[in-house]
Amino acid sequence: MLKLAKYLKKSIIPILMIFGLLVVQAMCDLALPDYTSKIVDVGIQQGGIENATPKAATKAELDKILLFMNQSEQQTVLQEYRLLERENLSDSEYKNYVEDYPALENEPIYVLDTKDEDTIEKLSSIFAKPILLTGFLEQDNEQTARLKEQLLAQMMPAGSSQETSAEQIDLFAVLSNLPKEQMEQLTTQIEESFGEFSDSMVEQGAASFLKTEYERLGMSASNIQTGYILRTGLKMLGVSLLAVLATILVGFLASRVAASLGRDLRSAVFKKVVSFSSQEMDEFSTASLITRSTNDIQQIQMLMVMLLRIVFYAPILGIGGVIKVLGTNTSMTWIIAVGVAAVLTLVIVLFCIAMPRFKVMQKLVDRLNLVTREILTGLPVIRAFSTEKYEEKRFDKANWDLTRTNLFVNRVMTCMMPTMMLMMNIISIMIVWFGAKGIDAGQMQVGDMMAFLQYTMQIIMSFLMISIVSIMLPRASVSAGRIAEVLRKEPAITDPVVPKAIDPAKRGVVEFQNVSFRYPNAEENVLSGISFTANPGQTTAFIGSTGSGKSTLVNLIPRFYDVTQGKILVDGVNIKDMTQHDLHEKIGYVPQQGVLFSGTIASNIKYGKKDASDEQMRSAAEVAQAMEFICQKEDTFHSEISQGGTNVSGGQKQRLSIARAIAKDPEIYIFDDSFSALDFQTDRALRAALKDKTVNSTVLIVAQRISTIMHAEQIVVLDEGQIVGIGTHKELLDSCEVYQQIALSQLSKEELAQ
């Protein structure tokens, strides 16, 4: 995969944008559990009171609270509050304040005079326990009664006859008169009774007191609660919408990046394949190259989308979740560690089982493509020999092998999701179990447990996301290796660094100098010691028995293969010392099997020379004896040619291929047994017209029929890869036994004599 990373250079900016959007998405997702916790703890349990800092309080109640603060804390509190008294307020001020705090009609109140959140948070930490102590002492219960009796015993001297009951004591008045040391001791004693409470529980208790105080001031507790829940809910909605927007943008950008990567990889693979010689094409096979250019790149493209949308996102979500969990409650973090370890173990085991099968799967896809391609291209032959059942069995075997491997991999991977869900459910039960114990002990709030559960699920989900990608990763990794194999394959045939200049005096001359050739990995030479010269204005023909090396010989000229020994010169320059483009520009090549491309007759004839005029196209078609059937078509030169030329006959296909080479008007013509599908009359007419057209060009013809080449200025006779005769038709009849045998097998002695 890393070897293909360079193809992402163009997408650096979108990838950085995706990363930024994923951070935003993760922040939004991580914020939602916190809002849920606040709605439960603050909105429901605390009645919408966010902290222990009173927004307002009667002077009498605030004085009680101040009793449990030291002098420094009292000063900090009082400087942030404003005392409201009827006589010190203007009519307009009084009217405004009394609407918010109706109790102002009867008694003075303190109002918080700051909106700074840091200051309010600081005040909350000061107020929390004093408010809880005040609320505790205002309750009529056994503990407060015992405390009053204890204070009464300390206040009444021994032997006093005055009778005073504990109920008649104003506890806060007594506390205000206690010595400082005794007050601190009493405060410590009371705090120890609820010392195991967590800060959140203390704050919740303080909120309960503040709710009572706000009602005493005439404020609506239900309005406070409803307002807080609505505000928090709207914030949640805004955060959710932002997360949705970020998710959509990430999906859009990730798809574009993946599509761009697929496009660039296909382009790179195609350019590399086009540069391959026949040797590399034989090594990879056409079916495999098609699979690599389509299916394998598609696997990479799909994985890239998942990487950008999930793999980048999962670590951000997981790390953020851990940080949030540590800030929520650290006593249950071991549950997360257990869950993560279990998930990782499952992923690693499944990965090790599935990875080898994915490698096999891609090879089986190659095999299925190969069999399908062979059957479809050879369908007429299959029907002619009635071997449909055999080919069906061959296809079924390739199909079943792939299906069986797919089933195994899918069954293995199918186990992942149920196992993951089981793990997540077990972890949820553990969190609820231990969280409930914490709530019962007063160490945790319900909202905190819910937030912890959600954060834990997000952490586990991040690993689950990665595990989902791991299903695709092995196959994509194999595909990436197969693509990289093509891209790093260096063609055996390359261009020279500094091409040599041609010799104008030898324009069109083709020379073979002691050329030998052996196919890659073959044990014996196909051609040995081939030497001859083909000059412009002449036709050089090659004939010999099947397998004698005729086609191989002419295929060495355009460098479909490179010679093993010796050298081939074109225009006086070794073809290895000129670029392949310059070499191919000099050649008009017509293969054994006529190859046409989807388009029109005109586009096929002009294929080798896009700027050819209509007159040149028509002239080429006339020389190739193709005008007869072209004019019979309704759209003539604009008639459609289907893929591979399947809507024209073999002879018509050959004539269009010949016309394509003629329209290019090259220095060198190579006809590789290109007249085999033509009848004798058309063959004769074509050769006669071709003779006039190629008067200044070198013509090389591979043929099986004596009648096609008997008028050539030079005939090269091949037998088992060696030249056994060179000369004219008459010369070879007298001097070459192999040529005589071929000639007599096709023509009678009388025809040869004529």
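Whatever comes next refers back to the structure up there.
As the structure is a prediction and not an experimental result, all values here were calculated from the model.

A. Representation of the sheet that holds strand S1 (residues 56-58) in the model. Spatially, the 3 strands line up as an open sheet ordered S1-S3-S2, and their pairing is antiparallel. The sheet is open, and its two edges are formed by S1 and strand S2 (81-84), each paired on a single side. Each strand of the sheet is rotated relative to its neighbour by a mean of 25°, with strand direction disregarded. Pairing between S2 and strand S3 (residues 109-112): 4 bridges, direction antiparallel. When the sheet's bridge partners are listed, Leu84 is paired in S3 with Ile109. Contacts between helix H2 (residues 59-66) and the sheet are confined to S1, S2 and S3, with S1 contributing the most and set at about 95° to the helix.

B. Quick look at the sheet that holds strand S5 (residues 527-534). If you walk across this open sheet you meet the 4 strands as S5-S4-S7-S8, and the pairing is antiparallel. Lying at the two open borders of the sheet, with one neighbouring strand each, are S5 and strand S8 (573-574). Two elements, strand S7 (residues 565-570) and S8, share 2 bridges in a ladder whose sense is antiparallel. If you follow Leu569 over to S8, its bridge partner there is Asn574.

C. Just the side chain of Asn51, in detail. On the secondary structure map, Asn51 appears in the loop between helix H1 (12-45) and S1. A residue is classified by how much of its surface remains accessible, and Asn51, at 17% relative accessible area, is buried. In terms of polar contacts, Asn51 uses its side chain to reach the backbone amide nitrogen of Thr53, at 3.1 Å.

D. Spotlight on unusual backbone geometry. One non-glycine residue, Ser386, lies in positive phi territory at about 55°. For Ser386, the position within the fold is in the loop between helix H15 (379-384) and helix H16 (388-414). According to the relative accessible area criterion, Ser386 is exposed, its value standing at 58%. In this structure, Asp665 is a non-glycine residue whose phi angle is positive, near 50°. Inspection of the secondary structure assignment puts Asp665 in the loop between helix H24 (650-664) and strand S12 (668-672).

E. View of the side chain of Lys664. Structurally, the position occupied by Lys664 is in helix H24. Buried and unpaired, Lys664 has no salt bridge, with Glu585 as the nearest side chain of opposite charge at 4.7 Å. Polar contacts involving the side chain of Lys664 include one to the main-chain carbonyl oxygen of His584, which spans 2.6 Å. Other than its neighbours up to four places away in sequence, Lys664 contacts His584, Glu585, Ile587, Gly608 and Lys609.

F. Representation of the nonpolar core in the model. By size, the foremost hydrophobic cluster in this structure holds 84 residues, and its most contacted members are Leu4, Ile18, Leu265, Ile300, Ile483 and Leu487. By residue number, the principal contributor to this core is helix H18 (residues 446-487), which donates 18 residues. Every residue in contact with Ile18, bar those within four places of it in the chain, is listed here: Val250, Leu253, Ala254, Val257 and Leu308. Counting 46 residues, the second largest nonpolar core, distinct from the first, contains Leu596, Met617, Tyr669 and Leu733.

G. Here's a closer look at the packing of H2 against helix H5 (residues 117-138). Where H2 contacts H5, the two axes come as close as 8 Å, and the packing angle between them is 110°. The pairing of H2 with H5 is recorded here as roughly perpendicular in orientation. Seen from H2, the contacting residues are Glu61, Leu62, Lys64 and Ile65; seen from H5, they are Phe127, Pro130, Ile131, Thr134 and Glu138. Residues belonging to the contact of H2 with H5 are distributed by class as follows: 5 nonpolar, 1 polar and 3 charged.

H. Up close: a negative patch on the surface. On the surface, Asp116, Glu117, Asp118 and Glu121 cluster together into a patch of negative charge. Within the secondary structure, Asp116 is located in the loop between S3 and H5. Residue Asp116 is classed as partly exposed on the basis of its relative accessible area, which comes to 38%.

I. Inspection of the packing of aromatic side chains at higher detail. Here the structure, examined in full by the defined rule, presents 9 aromatic pairs. For the pair Tyr81 and Phe127, a centre-to-centre distance of 5.9 Å together with 75° between the ring planes defines the contact as edge-to-face. Placement of Tyr81 in strand S2 and of Phe127 in helix H5 is noted, with a sequence separation of 46 residues between them. Residue classification places Tyr81 among the buried positions, given a relative accessible area of 7%. Their ring planes at 85° and their centres at 5.2 Å tell us that Tyr519 and Tyr561 sit as a pair that is edge-to-face. Residue Tyr519 is found in the loop between strand S4 (510-517) and S5, and its partner Tyr561 is found in the loop between helix H19 (550-555) and S7; the two are separated by 42 residues along the sequence. A residue is classified by how much of its surface remains accessible, and Tyr519, at 30% relative accessible area, is partly exposed.

Quick notes on the rules
- Residues numbered from 1 in each chain as written.
- Predicted model: local features only at pLDDT ≥ 70, side-chain atom pairs only at ≥ 80, totals over all residues.
- Heavy atoms only, no water.
- Pairing = 2+ DSSP bridges.
- Helix = DSSP H or I, 4+ residues; strand = E, 2+ residues; numbered from the N terminus.
- Axes fitted to C-alpha atoms, helices over the stretch in contact; angles between N-to-C directions.
- Contact = heavy atoms within 4.5 Å.
- Buried < 20%, exposed > 50% of the residue type's maximum accessible area, 1.4 Å probe, protein only.
- Polar contact = N/O pair within 3.5 Å; in protein donor to acceptor, adjacent residues only side chain to side chain.
- Lys, Arg positive; Asp, Glu negative; His and termini not counted.
- Salt bridge = Lys/Arg side-chain N within 4 Å of Asp/Glu carboxyl O.
- Core = buried A, V, L, I, M, F, W, Y, C linked by side-chain atoms within 4.5 Å.
- Parallel < 35°, antiparallel > 145°, perpendicular 65-115°, else oblique.
- Nonpolar A, V, L, I, M, F, W, Y, C, P; charged D, E, K, R; others polar.
- Patch = residues over 30% accessible without salt bridge, like charges linked within 9 Å, V, L, I, M, F, W, Y side chains within 5 Å.
- Areas by Shrake-Rupley, 256 points an atom, 1.4 Å probe, with all protein chains shown as cover.
- Charge placed at Lys NZ, Arg CZ, Asp CG, Glu CD.
- Phe/Tyr/Trp six-rings, centres within 6.5 Å; stacked < 30°, edge-to-face > 60°.

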